[in-house]
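# Understanding the architecture of this molecule
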Amino acid sequence: MAVSPAVTTLCENPNEVFLDVAKLLLTYADNILRYPNEEKYRSIRIGNPTFSTKLLPIKGAVECLFEMGFEEAETHLVFSKSASVEQLKLVRESIAAERDQRLCGGQPVQPTAQAASVSASASSSSSSSSSASASASTSASVSSAAASSQPVSPPPLQPSSLEDSMSFFVTLQSNFQHVLLYENPELQRKARSHIPHQKLSSAAELKLKEAKEADPECKLGIEDFLVLELLRWFKQDFFSWVDCLPCSSCKGPTQNASSLSPSTDDVRWGAQRVENHYCQSCRLSTRFPRYNNPEKLLETRRGRCGEWANCFTLCCRALGLEARYIWDSTDHVWTEVYSVAQRRWLHCDSCENGCDKPLLYEVGWGKKLAYVLAFSKDQVVDVTWRYSCKHPEVLSRRTRVQEAWLLHTINGLNTRRQQALTPARKKELTERLLVELVEFISPKKPKPGELGGRNSGSLAWRMARGETRKADTGTSTQAAGYVFTPTEKEKSDRLLHVRYNAAKDQYCRVSNNSEFIPSWDQCVWRKESVFRKVENDWQMVYIARTEGSSMGKISWKFDFAPAGMKIKSVSIMASSQTFHSGKVCWHLQAGQITTEFSGDGKMQSFQSLSGSSEFIVVAGLSGGEEETSWQHSQLFRQSLKETEESSFEILVHLDDA
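Residues numbered from 1 in each chain as written. Predicted model: local features only at pLDDT ≥ 70, side-chain atom pairs only at ≥ 80, totals over all residues. Heavy atoms only, no water.

### What to know about the sheet that holds strand β24 (residues 576–578)
With antiparallel pairing, the 4 strands of this open sheet are ordered in space as β20-β21-β29-β24. The outermost strands of the open sheet, each flanked by one partner alone, are β20 (530–535) and β24. Each strand axis lies, on average, 35° off the axis of its neighbour in the sheet, ignoring direction. With 6 bridges connecting them, β20 and strand β21 (residues 540–545) associate as antiparallel partners. If you follow Glu 535 over to β21, its bridge partner there is Met 540. (Pairing = 2+ DSSP bridges. Helix = DSSP H or I, 4+ residues; strand = E, 2+ residues; numbered from the N terminus. Axes fitted to C-alpha atoms, helices over the stretch in contact; angles between N-to-C directions.)

### A word on empty space enclosed by the protein
Under the definition given, this model contains 3 cavities of 30 Å³ or more. In this model, the largest cavity occupies a volume close to 70 Å³. If you trace the largest cavity, you find 13 residues lining it, with Glu 183, Arg 317, Ala 323, Ser 376 and Lys 377 closest to the centre. The element best represented in the lining of the largest cavity is strand β9 (residues 323–328), accounting for 3 residues. The residue makeup of the lining of the largest cavity, split by class, is 5 nonpolar, 1 polar and 7 charged. Within this model, the second largest cavity holds a volume of roughly 60 Å³. Around the second largest cavity sit Glu 322, Arg 324, Trp 345, Ser 376, Gln 379, Arg 425, Leu 429, Arg 432, Leu 433 and Glu 436, which together line it. Of all the elements, helix α17 (residues 423–441) adds the most residues to the lining of the second largest cavity, at 5 residues. Among the residues forming the lining of the second largest cavity, the class breakdown is 3 nonpolar, 2 polar and 5 charged. (1 Å grid on protein atoms, 1.4 Å probe; cavity = no way out; pocket = protein on both sides within 12 Å on 5 of 7 lines; lining within 4 Å. Points joined across faces, edges and corners; volume = space filled by probe spheres on them. Nonpolar A, V, L, I, M, F, W, Y, C, P; charged D, E, K, R; others polar.)

### Things to note about the environment of Val 541
Position of Val 541 relative to the elements: it lies in strand β21. The contacts of Val 541, once residues within four sequence positions are left out, are Ala 502, Ala 503, Arg 532, Lys 533, Val 534, Phe 636, Arg 637, Gln 638 and Leu 640. (Contact = heavy atoms within 4.5 Å.)

### Observations concerning the side chain of Arg 509
Secondary-structure assignment places Arg 509 in strand β17 (residues 506–509). Residue classification places Arg 509 among the buried positions, given a relative accessible area of 4%. One polar contact links the side chain of Arg 509 to the main-chain carbonyl oxygen of Thr 485, over a distance of 2.9 Å. Ignoring sequence-local partners within four residues, the contact set of Arg 509 consists of Tyr 482, Phe 484, Thr 485, Pro 486, Thr 487, Glu 490, Leu 496, His 497, Val 498, Ser 514, Glu 515 and Ile 517. (Buried < 20%, exposed > 50% of the residue type's maximum accessible area, 1.4 Å probe, protein only. Polar contact = N/O pair within 3.5 Å; in protein donor to acceptor, adjacent residues only side chain to side chain.)

### Quick look at the packing of aromatic side chains
According to the stated counting rule, one finds 35 aromatic pairs in the structure shown. Seen in terms of ring centroids, Trp 586 and Phe 636 are 6.1 Å apart; in terms of plane orientation they differ by 40°. Their pairing is tilted. Here Trp 586, found in strand β25 (residues 583–590), pairs with Phe 636, found in strand β29 (residues 633–639); they are 50 residues apart in sequence, far enough to count as distant. This pair shows no difference in class: Trp 586 is buried, exactly as Phe 636 is. A network of ring pairs unites the aromatic residues Tyr 500, Tyr 507, Trp 556, Trp 586, Phe 597, Phe 606, Phe 636 and Phe 648 as a single cluster. Here the guanidinium or amino end of Arg 417 rests over the ring plane of Phe 176, the centre of that ring lying 3.6 Å away. Directly above the ring of Tyr 338 sits Arg 432, whose terminal nitrogen or CZ lies 3.7 Å from the centroid. (Phe/Tyr/Trp six-rings, centres within 6.5 Å; stacked < 30°, edge-to-face > 60°. Lys NZ or Arg CZ within 6 Å of the ring centre and 35° of its normal.)

### Things to note about unusual backbone geometry
For Arg 343, which is not glycine, the phi torsion reads 55° and is therefore positive. Here Ser 519, not a glycine, exhibits a phi torsion of approximately 85°, which is positive. Along the polypeptide, Ser 519 turns up in the loop between β18 (515–518) and β19 (526–528).

### Let's talk about the layout of surface pockets
Reported here for the second largest pocket is a volume of approximately 1000 Å³. Elements represented by at least two residues in the lining of the second largest pocket include exactly α9 (197–214), α10 (222–238), β11 (344–349), β12 (354–355) and β18. Broken down by element, the lining of the second largest pocket gets its largest block of residues, 7 residues, from α10.

What follows is the structure, encoded as structure tokens:
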């Protein structure tokens, strides 16, 4: 009879080992089938000695449990009431048939890798070590994956590392199994029904055309622009961040208290954990199930980084983008999308609307990274080194499992997952991994967009996680960043013309063939205690002070001396808005001269800068009342629907110095 991929792997064990573990697996399955209403038979404790010594170390054993329908639930594997009993029977019958064959003295069934009628197997990942170690370790991973047609047995574990390795292995297995959900055609269809695909594609095509006109040698492709449009739409229009839900009765603030028990429906949608958002005024609890099923998330459209990355990765796959789910052991998750045009994987964080900013977490948020792993339908890769420019520090923190054990485990699991792939696809994966290796060991320096702290979540939540920079709490100033200097085209035209649109969160250098630069902070000279706020309920966006800060500041710098030019005239349009006692102060700095101007949204000319070679535009935000004072002074407030109107505009006419 046809067998599942996990049973295929299980059959590769020596006969005695197979018979022992098969008996144990059949016991787990039969107990559920015989006693369907007994909760104790639906749960397996990961720390159970029988599980850890007789099942976990055996190739294919844990994969069989996942294929039966067990799911990870922190300290246990759980067969939920919504799991398919028919699926359980299929895997059970495959194991029983093989065991009966061997007990009767027959030859082991020679399973084929084509058995895909049962859900695919589970997994782990490819690992490395510091910049030099990353090279050696990943090279071994590539060569092993390319040359071996059989799974690689992991080296024996030291007793002291068994528990950590066991937990780590189950987590990786669970993630690798989970990403197969994104490949469900019906689920992809449902995701596409929520996505304005045509609108996003048209916007991407327009921007690609503009980029090609500006630079005929442009190496970007339509997928690169489509993912940018998808990120923007997902954050601004589709998904919402949750710190604490408003009270279901009075709509007032709540606090996250102790957890609540999940209901049958919660468990059905993967919510093993339910938060209790408690209202001190009403004495009522508002339930917040942490759903792990992306189908449910298409309906709820809210959560924290786990829900965001889970649903966004599904949306990427639904649009045909090759995407993988990124798990970080320091408690964050995001997505990577493969750029066909650039032949590399792009970091994409839907919570932050950030693309291609891999050093954001280590440099901007101050994360102490250790393990960062990428899960796709075909492969798991240890991508830690893409996200760090401090490899020796990262290596010193990778103590949870032995590197050799992790590497061999990853190679073996990847080999099993790829058994049914065509030779061409296997070759493609290996070639991509080689390209990644070169990227991993190449020196990295943070870009301006990677310097800031986290934007998603409340200040208290970000501070509790240690994901703010000092600037976010109003105690320090960010180092120097972007400087506008004229390009050859702008020198020739003697004009530098810059616009910023808050709704699109995009700069446009009009006089440089309409070059577009995403993200408000990419072109900022300095910023202190400011962030971009999106109000999805009101469909408005603006730049404001971070919560808890009494003062915020942001500036943009223009320098024409390197191009051998000077200023003839400057015109500036800046928009700002205040509420209650909030204040916004705009001024222009040129040498020792400081000139104040209004942020009334009207173009203003400054002839006094004639002859100067540089200037800085500065906006200071202060004032306001009570807890929401940070919202009472705003820059560039704009409707998310006003995608053509500029919020900030600067024209500089130039002369030769």
